[in-house]
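A structural walkthrough
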4 protein chains.
Amino acid sequence: LIRVSILGATGYSGGELIRLLLNHPAVKLHHLTSVSSVGKSIEEIHPLLRGRLSHRFESLNVKKVVRNSDVVFSCFPPTVGMKSTAQLVKAGVKVIDLSADYRLPTGELFKKVYKTTHAAPALLKQAVYGLPELYRKEISASTLVANPGCYATAGILAAIPLLHNHLIDPKSLILDAKSGVSGAGKKLAHNFLFGEVESNFQAYGVTSHRHQPEMETILTCVARKPSQITFTPHLVPMLRGILAVLYATLKKSTRTQDIHALYQKMYQGEPFVRVLPLGQMPQTKNVNNTNYCDIGLVQDERSKRIIVISAIDNLVKGAAGQAIQNMNILFNRSEWEGLQ
Amino acid sequence: LIRVSILGATGYSGGELIRLLLNHPAVKLHHLTSVSSVGKSIEEIHPLLRGRLSHRFESLNVKKVVRNSDVVFSCFPPTVGMKSTAQLVKAGVKVIDLSADYRLPTGELFKKVYKTTHAAPALLKQAVYGLPELYRKEISASTLVANPGCYATAGILAAIPLLHNHLIDPKSLILDAKSGVSGAGKKLAHNFLFGEVESNFQAYGVTSHRHQPEMETILTCVARKPSQITFTPHLVPMLRGILAVLYATLKKSTRTQDIHALYQKMYQGEPFVRVLPLGQMPQTKNVNNTNYCDIGLVQDERSKRIIVISAIDNLVKGAAGQAIQNMNILFNRSEWEGLQ
Amino acid sequence: LIRVSILGATGYSGGELIRLLLNHPAVKLHHLTSVSSVGKSIEEIHPLLRGRLSHRFESLNVKKVVRNSDVVFSCFPPTVGMKSTAQLVKAGVKVIDLSADYRLPTGELFKKVYKTTHAAPALLKQAVYGLPELYRKEISASTLVANPGCYATAGILAAIPLLHNHLIDPKSLILDAKSGVSGAGKKLAHNFLFGEVESNFQAYGVTSHRHQPEMETILTCVARKPSQITFTPHLVPMLRGILAVLYATLKKSTRTQDIHALYQKMYQGEPFVRVLPLGQMPQTKNVNNTNYCDIGLVQDERSKRIIVISAIDNLVKGAAGQAIQNMNILFNRSEWEGLQ
Amino acid sequence: LIRVSILGATGYSGGELIRLLLNHPAVKLHHLTSVSSVGKSIEEIHPLLRGRLSHRFESLNVKKVVRNSDVVFSCFPPTVGMKSTAQLVKAGVKVIDLSADYRLPTGELFKKVYKTTHAAPALLKQAVYGLPELYRKEISASTLVANPGCYATAGILAAIPLLHNHLIDPKSLILDAKSGVSGAGKKLAHNFLFGEVESNFQAYGVTSHRHQPEMETILTCVARKPSQITFTPHLVPMLRGILAVLYATLKKSTRTQDIHALYQKMYQGEPFVRVLPLGQMPQTKNVNNTNYCDIGLVQDERSKRIIVISAIDNLVKGAAGQAIQNMNILFNRSEWEGLQ
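Figured I'd write up the structure that's included with this text. (Residues numbered from 1 in each chain as written. Chains lettered and ligands numbered in written order. Predicted model: local features only at pLDDT ≥ 70, side-chain atom pairs only at ≥ 80, totals over all residues. Heavy atoms only, no water.)

What follows concerns the interface of chain B and chain A. On the chain A side, the residues contacting the 43 residues of chain B number 43 residues. Of the roughly 3,400 Å² buried between chain B and chain A, counting both surfaces, carbon and sulfur atoms make up 52%. Area buried by chain B at its contact with chain A is led by F201, K285 and R302 of chain B, which between them contribute 19% of it. Across the chain B-chain A interface, the total number found is six salt bridges. Where D176 of chain A meets K178 of chain B, a salt bridge forms, and the shortest distance between an N and an O atom there is 3.0 Å. Counting residues per element, the ones that place at least two in the side of chain B that touches chain A are β7 (173-179), α9 (194-197), β8 (202-203), α10 (211-223), β9 (229-235), β10 (242-249), β12 (293-300) and β13 (305-312) of chain B. The biggest single contributor to the side of chain B that touches chain A is β7 of chain B, with five residues. (Contact = heavy atoms within 4.5 Å. Buried area = accessible area lost by both parts, 1.4 Å probe. Salt bridge = Lys/Arg side-chain N within 4 Å of Asp/Glu carboxyl O. Helix = DSSP H or I, 4+ residues; strand = E, 2+ residues; numbered from the N terminus.)

Here it is as structure tokens:
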């Protein structure tokens, strides 16, 4: 059995991880830590799990966690777990970090984006970006997996075949993405009250969202050319799900079915990417509570603009599910375990 | 008092028109017609209006309507009211047509978009596109007002200052728009069931929505150059409201505050357009049940892409409210009457 | 013009009051006070009202309010405005108190329910319970109107004809009521986050809600016998609306149509109560954004249980709308003004 | 492996069954039949299942189903599958019937409630009511399990300890129950459109819902005395979940904690009933997507009324999940299989 601990397990991602891992045939949960809820039962914070496990939230004791864990999921908000992650990795425990702390390539970029000096910049090079569709092999050999952001997962999976095959101008990318509210976590803020969200639709963080540099870093690697993406995230009055609409300009006229064939080729064999038939478009409902990413595409031929739409569950493929997929890769298990 | 009749008054737009006109100080409702609900009381179809009026739905008798109406609102689905509109106009009654029948400039384009030969193509030239912010003077002198589509209203109002001032490449336009479900009317179709819409988000009609040629026609007039727009509509799990996000590429570097100033200048004096301060973005909740269009903007300076976001209530500024605004213009009344 | 000030105008009730009073033909808004948002513009707190008024929130200065107001609406949370209300009444200004401070008959009961000593217990006797359907005449002559609670409005209007006509055992009452989330105001609490409310349904405060003694006080007056009500409130995943289902046991067999006739008789002439035809039942959607209370009823004849269902908009007939109806009564105006 | 076929598998219950059974370690799906969608792939009707199975909907061929199935789930609407169920049982196949066809004890009652003569009234006596908490032993030995209605499941589980222990007057029962929209299936009817359901709350079928005689039949068995229940179902603007609030009058004063202890005793050992600690009340969110029934209770001591609240997912414990629990009992497997 893989001995698993989860740090910062009181939020949506943590709750989702516990829920999914309870059904994983090869996992035993050890420490579940929290800053604010030490001593509380799991079911007090995640009442859906009442009767499923008897753990209580503990405060983080790195030594104990090291002793009792083969892998640690770190679910802290940005920057909170930077140090503990470094300590755990140093102690030889594998870490899958669901925060944004180890996703960017350099301490400089990290500081620019997160307004904080990175606590372990050297580790940034060692961290592997945990998108199995791109880095499966590197993940399997790593000790620190930086689990991708939810928007980044949806956006990058939509863009890969275009950039990999050099079909588009890598500076023409626009991502207009829409997310359910759980993407913001359980923050107690006025703008996440039911009365503010229901029957409302709005953009936020336009041109300034932190997943933009994360996406550009990866897309630039895929394209082997500087890529640039204009990113507009939105809040949808629903709990789960991201629909990401990617616009890009083709370098030259290309038939839509040829592009579609490249998508099918790129993702054949991928357990969790479903390229829809031409004429069909993803809906968030069809991926909710699953680890799937559904992808559809269409072309505006007059402008040679290709429009690629992807859908994921932000808490599963966009967070906890992808983290479990990464764990399965790390421990050489079927990627489906715990994710059916 | 202005004598008003409404044709096809059983749908969302019709119900909204009745509701708003009951509070209009200078209006008397005469005939309310329906195809499917003849003889039923208004409150049976619009139970919100119980006790507010004693009318019943009648079948359409053009002569009677002509005799008893100064203005007729036509709320039929596309193509259903083409002929009756022509008859009414010919008989000298002013018509405000909320359907799409008289929005396009030529019979050829109409046929291409709506797959039907137009019943009165000559009238297309006579019809005025009922967007007061562009055509107030023409509306005031017209007999046939083609009330704009909901997406088109949001998209065009977002784009006008950019095109009017020649700031952007008129072929670089992308409109990624999101609408509440009432935009589809009360169609009894599987994909509008609660179980399909709630907690779901999806695009539809990507690159093929009928408001695209409508928008391009008007935008080309504004720009005095061929304009082209890639248009992606979406369905939001809420009843009312459109948020439209417009992307366009600036011809040359322009400071965001200068662009913002042009928006303020263009719309100062407009009763129903609110240009938000820089740094603020519209939300559909803030315009719901009003005739306002809220507009905000931001620039992605690396790509010289300007992002303009507009919000309207699709049933008010996007349909019934704008129709009443047009009626007020036609009858030389304050545009605010019935729209407070 | 009636000079109006609103105390504690940042919440849902306050916002709704401002919105409705802007359309009242005989009202001029003077002071809008707040504790937490002094100096902010109205539109910063109620963005729906952007461009509609130029007031800013002031801190409460009782003297100034007295000088410039004919009537004051007090929208504070329970107990916060007890003293200012007393000061205003003493200074001769009419007060319509939307809080619960002056709804109970004695200081003893108030203390028991609200766990605080009342600041002006003598005034409790002077206050009139602002339910026009019961106390129209008393309201018109009063200086202090205690605007009823939202649940209480729905529950009492459902029960009056049964108790007034001595049809039921006044101790057999059960009220199972369901409310949209705005009933809780804009409280920043974990259980009002979108993620906790959406797709969820729950009871709360079962047998211990503060509207229970309020209802029992009034129902006892109506029945002229001690009345008792078991009260279960619930939270519905929607913003506005209350549906209240009242169960009571008939003293003797009575035909449902006879009971229905008594409801029609009791409420004929009431501008805002609509007794539905037998066979129809209220829905919250049909009263939202209106001051109506819709009432329907049915009998379970085997058990001689009568089931009466009422629906109101908790922010209108359950708060701001009823307050305006009371103001109209106080100033001898049509009860419809501002409420169309 | 248990060979399973599902009849009428296009609706919500059928889709849920397929989804859950795909994760059942001992099940192999054979025939999935449909009336309206013969030949279509499963994913066309249940797009959530895309890529999970390659079956197509077949028309019902009883002989083939008999040959290839150890157990058949029948998910037809009421009365549609009466005959095929009888044929299958006669042919020796075990049937778990999710429709209402075999839940009532006699053909007379069936005719009264469903307005149709029963096709196989003799089988009604043979059928076992599939509520494991009451009839586990009988289920394990049966060939025809009548899977309980969703409301009935929630209502009966709330009432059993009261009636079994003779604590209450069995004629004093009132069930005020609230359900998500999936309870109505995927019916294409005006009142299930998104625009009619969202932000709306209403009662329906008050005193005339078909689950009332179903509940009274079972409750009378439990009480060993004629039981009677006043039943008010409601539609909640959400997809899944039932909250059922049961009111009953205690025969004599009984301490709430003693009643609570009887609930704990009755349900200890039950895998899917969670009796909440006193002071806590169920929420539908905490049981959604699970087979749990959560139960809480409180007393209104003045009236000796006990209020018991239960929550289930209507599609799981109220339909497909309970059906799988019954299958597990029939085949002597852990009741948890497929339901984690």
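A few words now on empty space enclosed by the protein. Inspection of every chain in the model, using the stated rule, returns nine cavities of 30 Å³ or more. In this structure, the largest cavity occupies an estimated 280 Å³ of space. What lines the largest cavity is a set of 20 residues, and nearest its centre among them are E198 and P237 of chain A, P237 of chain B, P237 of chain C together with P237 of chain D. Residues of the lining of the largest cavity, tallied by class, amount to twelve nonpolar, four polar and four charged. (1 Å grid on protein atoms, 1.4 Å probe; cavity = no way out; pocket = protein on both sides within 12 Å on 5 of 7 lines; lining within 4 Å. Points joined across faces, edges and corners; volume = space filled by probe spheres on them. Nonpolar A, V, L, I, M, F, W, Y, C, P; charged D, E, K, R; others polar.)

Residue and element names in this part refer to chain A. Taken together, seven strands build an open sheet; the order of strands is β8-β9-β7-β10-β13-β12-β11 and the sheet is mixed. Edge positions in the sheet fall to β8 (202-203) and β11 (273-275), since each has one partner strand and no second. Here helix α10 (residues 211-223) sits on the sheet and contacts β7 (173-179) and β9 (229-235); the angle it forms with β9, its principal contact strand, is near 135°. (Pairing = 2+ DSSP bridges. Axes fitted to C-alpha atoms, helices over the stretch in contact; angles between N-to-C directions.)

Once that is clear, we can look at the packing of aromatic side chains. All chains considered together, the criterion is met by 24 aromatic pairs over all chains. Summarising the aromatic geometry, the rings of F272 of chain A and Y292 of chain A are spaced 6.2 Å apart at their centres and angled 65° between planes, so their arrangement reads as edge-to-face. Taken together, the positions of F272 of chain A in the loop between α11 (256-267) and β11 and Y292 of chain A in the loop between β11 and β12 (293-300) put the pair 20 residues apart, joining distant regions of the chain. Relative to W336 of chain C, the ring of F272 of chain C has its centre 4.6 Å away and its plane inclined at 55°; by these criteria the two rings are tilted. With F272 of chain C in the loop between α11 (256-267) and β11 (273-275) and W336 of chain C in the segment after α12 (316-330), the pair connects residues that are 64 residues apart, well separated along the chain. (Phe/Tyr/Trp six-rings, centres within 6.5 Å; stacked < 30°, edge-to-face > 60°.)

Everything listed here is a matter of geometry and, on its own, says nothing about what the molecule does.
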